[in-house]
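Read off the chains here:
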Amino acid sequence: MNIILLGPPGAGKGTQSAGLVERHGMRQLSTGDMLRAAVKAETPVGLEAKAVMDRGELVSDAIVSALIDDNLAAMDAQTGAIFDGYPRTAAQADDLDRILARHGRSLDHVIELEVDVDALVERITGRFSCANCGALYHDTANPPAKPGVCDTCGSTEFKRRPDDNEETVRTRMEEYRAKTAPILPGYEARGIVTRVDGMASIDDVAGAIDAILA
Ligand code: ADP
Ligand code: ADP
Ligand code: ZN
């Protein structure tokens, strides 16, 4: 099973990917996470991507498609892939078709998380994650059960993304509207798009996604 989780920044793609990994043993391929790892490690890709990400603009198609290709090459053929935050442009969507074919895979579902634009800024400015295991939280909607302690690993260190500020979020939302949303009709024509109400609770969204995959 190979699926794309599509939706604007803050829609819940990372949160739902983590649930799918846990429930179904799938693998999450998040280009955002890969790029942040490259920035942290100061690789050539990271050095090139950092300023672009800080502005909330899109990193080049060639860079992100190469990251996806490399990660899929390292995966076992039986493990399902969740594409989280990729593809984000028409060129990336074309790249993905070619990359999947090369690895003997095909797309089963494109799941669009539909959310209120007004809710996104609130979701993103309240987002934080565990510095140790990466578990995702939200100040009000999804805080750790015990304040200051990660539910998953017990760490007390948390971090916030430098691009999770209101100004950058506006640019990221505009990039989504202008460059990413236009890839949906192509997938719709292939009959593989399902919409899910991303404003529902995290558990209800997970249930709706599981119903699509069943
Ligand atoms: P979010 O989860 O809020 O949608 P991501 O973590 O997916 O954000 O992406 C963070 C940033 O990384 C983006 O704003 C962009 O600069 C860069 N990025 C991630 N994935 C891609 C992609 N597929 N194409 C171009 N840029 C990307
Ligand atoms: P994306 O990967 O699409 O950018 P995230 O999964 O990182 O989105 O979610 C953004 C923020 O919203 C996080 O702080 C997360 O805890 C919170 N969140 C995710 N799903 C929901 C939901 N269904 N209801 C309320 N808050 C949510
Ligand atoms: Zn943790």
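Everything below is about the structure printed above this text.
All of these numbers come straight from a predicted model, not from anything done at the bench. (Residues numbered from 1 in each chain as written. Chains lettered and ligands numbered in written order. Predicted model: local features only at pLDDT ≥ 70, side-chain atom pairs only at ≥ 80, totals over all residues. Heavy atoms only, no water.)

Side note on the layout of surface pockets
Empty space among the atoms becomes apparent when a probe as large as a water molecule is rolled across them.
Part 1 of the reasoning: One number sums up the size of the second largest pocket: a volume of about 190 Å³.
Part 2 of the reasoning: Residue assignment for the lining of the second largest pocket shows that the elements contributing at least two residues are β4 (109-114), α6 (117-125) and α7 (166-180).
Part 3 of the reasoning: Broken down by class, the residue content of the lining of the second largest pocket amounts to 8 nonpolar, no polar and 3 charged. (1 Å grid on protein atoms, 1.4 Å probe; cavity = no way out; pocket = protein on both sides within 12 Å on 5 of 7 lines; lining within 4 Å. Points joined across faces, edges and corners; volume = space filled by probe spheres on them. Helix = DSSP H or I, 4+ residues; strand = E, 2+ residues; numbered from the N terminus. Nonpolar A, V, L, I, M, F, W, Y, C, P; charged D, E, K, R; others polar.)

Regarding the coordination of the zinc ion (ligand 3)
Part 1 of the reasoning: Every protein donor of the zinc ion (ligand 3) is accounted for by Cys130 (SG), Cys133 (SG), Cys150 (SG) and Cys153 (SG), and the metal-donor separations fall at 2.3 to 2.4 Å.
Part 2 of the reasoning: Coordination geometry of the zinc ion (ligand 3): the 4 donor atoms subtend angles of 102 to 114 degrees at the metal centre, consistent with an arrangement described as tetrahedral.
Part 3 of the reasoning: All donors of the zinc ion (ligand 3) come from a single chain, and their spacing in sequence reads C-x2-C-x16-C-x2-C.
Part 4 of the reasoning: Judged by relative accessible area, cysteine 150 falls into the buried class, the value being 3%. (Donors = N, O, S within 2.8 Å, 3.2 Å for Na, K, Ca; no water. Tetrahedral: all angles 85-135°; square planar, octahedral: opposite > 155°, others 65-115°. Buried < 20%, exposed > 50% of the residue type's maximum accessible area, 1.4 Å probe, protein only.)

Description of the site of ligand 2
Part 1 of the reasoning: Residues in close proximity to ligand 2 total 19 residues, the closest being Gly10, Gly14, Thr15, Arg127 and Tyr137.
Part 2 of the reasoning: Within the side chain of arginine 123, an N or O atom sits 3.3 Å from a nitrogen atom of ligand 2.
Part 3 of the reasoning: In this structure, arginine 127 approaches ligand 2 through a side-chain N or O atom, which is 2.6 Å from an oxygen atom.
Part 4 of the reasoning: Burial of ligand 2 by the protein amounts to 92% of the accessible area it has alone, namely 560 Å².
Part 5 of the reasoning: Taken together, the elements giving at least two residues each to the shell around ligand 2 come down to α1 (13-24) and β6 (136-138).
Part 6 of the reasoning: Taken together, the residues of the shell around ligand 2 sort by class into 8 nonpolar, 8 polar and 3 charged. (Near = heavy atom within 4 Å. Polar contact = N/O pair within 3.5 Å; in protein donor to acceptor, adjacent residues only side chain to side chain. Areas by Shrake-Rupley, 256 points an atom, 1.4 Å probe, with all protein chains shown as cover.)

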